[in-house]
Amino acid sequence: MKNQTKLCPFKKQLRRSFPPGKSGKLDMVITERLDTCAGERCMAYNGGKCLRLTRKET
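Residues numbered from 1 in each chain as written. Predicted model: local features only at pLDDT ≥ 70, side-chain atom pairs only at ≥ 80, totals over all residues. Heavy atoms only, no water.

(A) Quick look at the environment of Arg52. Assignment of secondary structure puts Arg52 in the segment after strand 4 (49-50). A relative accessible area of 47% means that Arg52 is categorised as partly exposed. Linking Arg52 and Phe10, residues 42 residues apart in sequence, is a C-alpha distance of 8.7 Å. Non-local contacts of Arg52, meaning those with residues more than four positions away in its chain, are made with Phe10 and Ala44. (Helix = DSSP H or I, 4+ residues; strand = E, 2+ residues; numbered from the N terminus. Buried < 20%, exposed > 50% of the residue type's maximum accessible area, 1.4 Å probe, protein only. Contact = heavy atoms within 4.5 Å.)

Below is the structure:
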């Protein structure tokens, strides 16, 4: 479990492709996935926790 990559819900990778469809026209396909956590390099990361995911009590 230690070697699992953390995913960040605030970083996304988008990939657009335009394959030909059944009718011969180009279809637009958008693939969206979460990107990996930057860890200590991220401004929202402190003390081993993501500060964006912690809730503030009001």
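After that view, the rundown keeps rolling.
(B) Structural view of empty space enclosed by the protein. Applying the stated rule across the entire model yields one cavity of 30 Å³ or more. Estimated volume of the largest cavity: approximately 40 Å³. Along its surface, the largest cavity is lined by Cys8, Lys11, Cys37, Ala38, Cys42, Tyr45 and Cys50. (1 Å grid on protein atoms, 1.4 Å probe; cavity = no way out; pocket = protein on both sides within 12 Å on 5 of 7 lines; lining within 4 Å. Points joined across faces, edges and corners; volume = space filled by probe spheres on them.)

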